[in-house]
Amino acid sequence: MASLNSSLFLSVLNGQKSSNPPVWMMRQAGRHLPEYLELRSQAKDFLDFCYSPAMAAEATLQPVERYDMDAAILFADILLILDAMGLNVRFEKGLGPIVQTVETGHDLDKVAVETAVQRLSPVYETVARVRSALSADKALIGFCGSPWTVALYAIEGRGGTDKSMARLWAYEKPDDLDHLLSSLVEVSAHYLAAQVKAGANALMLFESWAEGLPSDLFERLVIEPNAALVRRLHALGVTVPIIGFPRGAATMLTHYVDKVGVSAVGLDTAISPEFVNANLPSTLPVQGHLDPLLLIAGGDAMEVRVRALLKAYADRPHIFNLGHGVRPETPIAHVERVIEIVRGG
Ligand code: CP3
């Protein structure tokens, strides 16, 4: 298992500064890699792929092998948990995920917590396989979607909406929404604890749809459930570092960091390094946040921004990453160039 001494990623996540930060990229596995597309064509569908430990483990390792990334992220999806909790989840080409919607906050209670956690066993098997294949200097990140982001898919049936249905639940059916969120906290905590037991060295909480909430709703729907999840993880004996990624938190980022209890924060594309350095404790590790579109564009614009981010965070623990996931059309040579610059080239 990776120890703190041998993994640069874990030492920075634990608060060490490094002149050449560790690097990995959100969505580093997946459709920009020809070897992923080849493997993916062998699976019946995307869910099947995620539940096949052999294929999922190989997809997890692909970007680490190709790019020598400092960390692997488990190949899975934030929506597997809804499938395990009894909702029908489909991934349609060109449309993204489509989820069977809930009518009440209690619809997810039909499947017992232990049953849902047990249904996700192939994921733990993937974690174990990846951890045993990785060298000690590479960390393995486990993850789940944060409760609000996952609840949004269960209420609206898809992502990328203006969130109005789920936000209306917050005002019109507050007990239902609170119950839905606490069910998700409970299953997510056991799901993540099982990933750690199988060998994950760090965890990441993806709150991909935190943008645009009024501050009182941000407190209720983002901060409180994420804080409850972190507390529950600690109560279950989880001690690995936890990275929170509240995408679109804007100025609420400071409050999120104060209240949620994460060990590090993932920065999105929109937040400025000036805001981060002026408002977040200088000892807090930050992870981010190159625009994934610059990774497509490449050239001077990309290189200048990579160097600017390295300079901005030179005096604090920093893990180099993107502000959101790698897009399918990203050229491999641009990913290689970014890594070269981060490592001093
Ligand atoms: O390298 C990795 O990060 C791979 C593991 C991973 C996937 N999804 C695989 C995937 C992770 C960490 C996720 C997280 C995820 N899934 C999030 C949070 C991060 C973010 O991007 O904000 C969200 C919101 C989802 C939901 C989801 N899954 C969407 C919106 C889509 C379709 C559009 C898209 O961006 O790909 C998926 C499908 C999905 N998840 C694919 C992959 C590789 C593509 C499916 C395919 O290969 O056919």
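Right above here is the structure, for reference.
Since this is a predicted model, take the numbers as computed values, not measurements.

A. Looking closely at the overall build of the protein chain. Along the backbone of the protein chain there are 16 helices and nine strands. Its C-alpha atoms give the protein chain a radius of gyration of 19 Å, near enough to 20 Å, the size a compact globule of 345 residues would have. Expressed along its principal axes, the backbone C-alpha trace of the protein chain runs to roughly 55 × 45 × 40 Å. Across the protein chain, every contact between residues at least 6 apart in sequence was considered, and the portion connecting residues at least 24 apart equals 73%. Distance from the positive charge centre (30 side chains) to the negative charge centre (39 side chains) of the protein chain: 2 Å.

B. Spotlight on the layout of surface pockets. Its volume calculated, the largest pocket comes out at about 1,500 Å³. Looking at the largest pocket, it is lined by 44 residues, and the ones nearest its centre are R27, R31, D77, F91 and P97. Elements that contribute at least two residues to the lining of the largest pocket include exactly helix 2 (34–40), strand 2 (89–92) and strand 3 (96–99). What the second largest pocket holds in volume is close to 160 Å³. Forming the walls of the second largest pocket are E211, R247, G248, D268, T269, A270, D291, P292, L293, G323, H324 and R327.

C. Highlighting helix 4 (residues 53–67). Under the 1.5 Å per step criterion, the end-to-end length of helix 4 is 22 Å for 15 residues, consistent within 8% with the ideal 21 Å. When the local axis directions of helix 4 are compared, the greatest deviation, roughly 30°, occurs at L61, which is followed within four positions by the proline P63. The element helix 4 is extensively covered by neighbouring structure, given that eleven of its 15 residues are classed as buried. Inspection of helix 4 places P53, M55, A56, A57, A59, T60, L61, Q62, P63, V64 and Y67 among the buried residues, and these make up the whole buried set. The secondary structure elements touched by the buried residues of helix 4 are helix 2, helix 3 (46–50), strand 1 (71–73), helix 7 (121–133), strand 4 (139–145) and helix 16 (332–342). Downstream of helix 4 by one or two residues, D68 has phi in the positive range, about 60°.

D. View of the nonpolar core. Membership of the largest hydrophobic core comes to 135 residues, with the highest contact counts inside it found for F9, W24, L82 and L290. A total of twelve residues in this core trace back to one element, the largest contributor, which is helix 10 (residues 174–198). Residue contacts for L82: discarding those within four places in its chain leaves L87, V89, V99, L108, V150, Y153, A154 and L184.

E. Local environment of the packing of aromatic side chains. Applying the stated criterion across every chain yields a total of eight aromatic pairs. Through a chain of ring-to-ring contacts, the aromatic side chains of Y36, F46, F49, F75 and F91 assemble into a single cluster. Cation over ring: K173 sits above W169, and NZ or CZ is 3.9 Å from the ring centre. Over the face of the ring belonging to W209 we find R247, whose NZ or CZ atom lies 5.2 Å from the ring centre.

F. Local environment of the packing of helix 15 (residues 299–312) against helix 16. For the pair helix 15 and helix 16, interaxial distance at closest approach is 10 Å and the crossing angle is 35°. Judged by the twist between their axes, the crossing of helix 15 over helix 16 is right-handed. When helix 15 is examined against helix 16, the residues M302, E303, V306, R307 and L310 are found in contact with a partner set consisting of H334, R337, V338, I341 and V342. In terms of residue class, the contact of helix 15 with helix 16 is made up of six nonpolar, one polar and three charged.

G. Geometry of empty space enclosed by the protein. Counting across every chain of the model gives one cavity of 30 Å³ or more. By volume, the largest cavity is sized at about 30 Å³. Looking at the lining of the largest cavity residue by residue, the class counts come to six nonpolar, one polar and one charged.

H. The arrangement of the sheet that holds strand 1 in detail. One open sheet accounts for seven strands, arranged 1-4-5-6-7-8-9; its pairing is parallel. Strands at the two margins of the open sheet, each flanked by one partner only, are strand 1 and strand 9 (318–322). Here the average twist between neighbouring strands, direction ignored, is 25°. Two elements, strand 8 (residues 286–290) and strand 9, share five bridges in a ladder whose sense is parallel. The residue of strand 9 that forms the bridge with H289 is N321.

I. Expanded view of the site of the ligand. Residues in close proximity to the ligand total 21 residues, the closest being R31, Y36, D77, S208 and H324. Here an oxygen atom of the ligand and a backbone polar atom of A29 are 2.8 Å apart. D77 is positioned with one of its side-chain polar atoms (N or O) 2.7 Å from a nitrogen atom of the ligand. In the complex, 86% of the free accessible area of the ligand, which totals 850 Å², lies under the protein chains. Because more than half of its atoms lie within 2 Å of the grid, the ligand is assigned to the largest pocket. Contributions of two or more residues to the shell around the ligand are made by helix 2 and strand 3. When grouped by side-chain class, the residues that make up the shell around the ligand number 13 nonpolar, four polar and four charged.

So, how was this worked out
- Residues numbered from 1 in each chain as written.
- Predicted model: local features only at pLDDT ≥ 70, side-chain atom pairs only at ≥ 80, totals over all residues.
- Heavy atoms only, no water.
- Helix = DSSP H or I, 4+ residues; strand = E, 2+ residues; numbered from the N terminus.
- Rg over C-alpha atoms; globule rule 2.2 N^0.38 Å.
- Contact = heavy atoms within 4.5 Å.
- Lys, Arg positive; Asp, Glu negative; His and termini not counted.
- Charge placed at Lys NZ, Arg CZ, Asp CG, Glu CD.
- 1 Å grid on protein atoms, 1.4 Å probe; cavity = no way out; pocket = protein on both sides within 12 Å on 5 of 7 lines; lining within 4 Å.
- Points joined across faces, edges and corners; volume = space filled by probe spheres on them.
- Expected span 1.5 Å × (residues − 1).
- Bend = angle between axes of the 7 residues up to and from the residue.
- Buried < 20%, exposed > 50% of the residue type's maximum accessible area, 1.4 Å probe, protein only.
- Core = buried A, V, L, I, M, F, W, Y, C linked by side-chain atoms within 4.5 Å.
- Phe/Tyr/Trp six-rings, centres within 6.5 Å; stacked < 30°, edge-to-face > 60°.
- Lys NZ or Arg CZ within 6 Å of the ring centre and 35° of its normal.
- Axes fitted to C-alpha atoms, helices over the stretch in contact; angles between N-to-C directions.
- Left-handed = near helix turned anticlockwise from the far one by under 90°.
- Nonpolar A, V, L, I, M, F, W, Y, C, P; charged D, E, K, R; others polar.
- Pairing = 2+ DSSP bridges.
- Near = heavy atom within 4 Å.
- Polar contact = N/O pair within 3.5 Å; in protein donor to acceptor, adjacent residues only side chain to side chain.
- Areas by Shrake-Rupley, 256 points an atom, 1.4 Å probe, with all protein chains shown as cover.
- Sits in = over half its atoms within 2 Å of the grid points.

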